[in-house]
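Read off the chains here:
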Amino acid sequence: MKKFLILAALSAILLSCGSNRDQVLKVYNWSDYIDETVLPEFEAWYKAQTGEDITVVYQTFDVNETMLSKIEKGHEDYDIVCPSDYIIERMLNSGLLLPLDFASIPDSINYIALNKSPYIQQVFRDINPSIDANDYSVAYMWGTTGIIYNTEKVTAEEAGTWDIIRNPKFAGQILIKDAPRDVYGPVLIYLKQKELQEGTVTLQDLMQDSSDESIAAVEAYLKQVKDGVLGWEADFGKDQMTKGRGVVSLNWSGDAVWAIDEAAEVGVSLDYIVPEEGSTVWFDGWVIPKYAKNTKAATYFIDFMCRPDIAIRNMDETGYVSANGAFEVLESQIDDELEPIDLSYFFGPEAAAVCVDPVLYPDKSVIDRCALEHDWGKDTDKLLAMWSRVKGDNASSMTYVIIAIAFIAIIAAILVSRKNKKRRHKRR
Ligand code: N2P
């Protein structure tokens, strides 16, 4: 990892010294979302396929909105980025994406064409009603949003409802993902249970609901939650759970897989559940932004990520589920000691009962109670404002404490210095 960061830094220096931009591929991905050893392998593979040199400059982000702002406002020249579904929708609507051209890749190495799941293709069609996202994006990983919990402190029943995040029993031990949309969705689903059961709204309606009334309801709820929050985390929640510092974490399924494995090694028992009220299912996909400078290498990179052995390595390293529809990807995860689950919706009829980790691959019954988030356009600003109101109070009370301590320290220093001055004056 360190070695790679040094290489990345060197590459960045090279880049700023004016090296040939055609020989550089700037990748901007989520943190902890790839097996970084595949990056130098890509460079060698690209050279073997095209005869051209390429250096990957790899940078990471923790939340969609940071990445989006760098491209939307900063016009940064990343060649390839990995947004979630609702951000892909937004980027499509604002003309920020270039169409993908896989016809330019020789058939013999066109892994995308070979490994696209019909399920994923349909999901990508649903991302944006007016533009087919399949023409602009290739799914990388996917999963659900749910609750990671410490099984020695929390029962499956307690974790099986979103109400757990304001359960006073776990105050001070709750971690919440610092991802406004991924928290808003589940909380709204929880608050609208009655309407969902009566059939007056659907999960899909709620994913589009950016009304002032709903935002206010979620805000009021989150203000009850925040007193018990140990941390709003972009990426440290999984680690805190493995160390036993947190006992409940609103998180993504891939972080759950990683945390459950790591925790088991140090004797901490974690599990993951998608609460019964329903949740969000998300898909992150590779896209080429319109400010990209090396679309050829970007296209090859996406293809390389779709090679089944590379997809398996990325899964095994990160805990996330590849969106690759190749049966060998699924096969690599089979463990006969596990209960069979129904994955026919993703891999076709032959996957109606496969023994794989249900945290990794959600069973059909889980998928049925989950929905895809959608872009809110300008209303996103209302959500972000609400989010900083909710979290901001925490920051300001901490800020007040720090200011008070600093103020007392300055006064004390002034008093001590005056006293010393007086003493010196007397002695003279
Ligand atoms: C991994 C990030 C996963 C992104 N650190 C989930 N959409």
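Structural data are supplied above this passage.
Here's a quick rundown of the structure. Being a predicted model, the structure only gives us computed values, none of them experimental.

Criteria and thresholds
Residues numbered from 1 in each chain as written. Predicted model: local features only at pLDDT ≥ 70, side-chain atom pairs only at ≥ 80, totals over all residues. Heavy atoms only, no water. Phe/Tyr/Trp six-rings, centres within 6.5 Å; stacked < 30°, edge-to-face > 60°. Helix = DSSP H or I, 4+ residues; strand = E, 2+ residues; numbered from the N terminus. Buried < 20%, exposed > 50% of the residue type's maximum accessible area, 1.4 Å probe, protein only. Lys NZ or Arg CZ within 6 Å of the ring centre and 35° of its normal. Near = heavy atom within 4 Å. Polar contact = N/O pair within 3.5 Å; in protein donor to acceptor, adjacent residues only side chain to side chain. 1 Å grid on protein atoms, 1.4 Å probe; cavity = no way out; pocket = protein on both sides within 12 Å on 5 of 7 lines; lining within 4 Å. Sits in = over half its atoms within 2 Å of the grid points. Nonpolar A, V, L, I, M, F, W, Y, C, P; charged D, E, K, R; others polar.

1. Focus on the packing of aromatic side chains
Next up, step 1: Overall, the coordinates contain 32 aromatic pairs when judged by the stated rule.
Next up, step 2: Note on Y119 and F283: the rings are 6.3 Å apart at their centroids and 55° apart in plane angle, and the pair reads as tilted. Of the two residues, Y119 sits in helix α6 (residues 118-127) while F283 sits in strand β9 (residues 279-287), which places them 164 residues apart along the sequence. Per residue, the accessibility class of Y119 equals that of F283, and both read buried.
Next up, step 3: Arranged with centres 6.5 Å apart and planes meeting at 85°, the rings of F124 and F283 form a pair that is edge-to-face. Of this pair, F124 sits in helix α6 while F283 is found in strand β9, placing the two residues 159 residues apart along the sequence. Taken as a pair, F124 and F283 share a single burial class, namely buried.
Next up, step 4: When the ring centre of Y86 is taken as origin, the NZ or CZ atom of R181, which lies over that ring, is 5.0 Å away.

2. Quick notes on the site of the ligand
Next up, step 1: Near the ligand you find W30, S31, Y33, S84, D235, W252, W282, D284 and Y320, and these make up its full shell.
Next up, step 2: A distance of 2.6 Å separates a nitrogen atom of the ligand from a polar atom in the backbone of S31.
Next up, step 3: One of the side-chain nitrogen or oxygen atoms of D284 is found 2.9 Å away from a nitrogen atom of the ligand.
Next up, step 4: Under a 2 Å grid-point criterion requiring more than half of the atoms, the pocket assigned to the ligand is the second largest cavity.
Next up, step 5: Here the residues of the shell around the ligand are counted per class, giving 5 nonpolar, 2 polar and 2 charged.

Shape is all these values report; function is a separate question.
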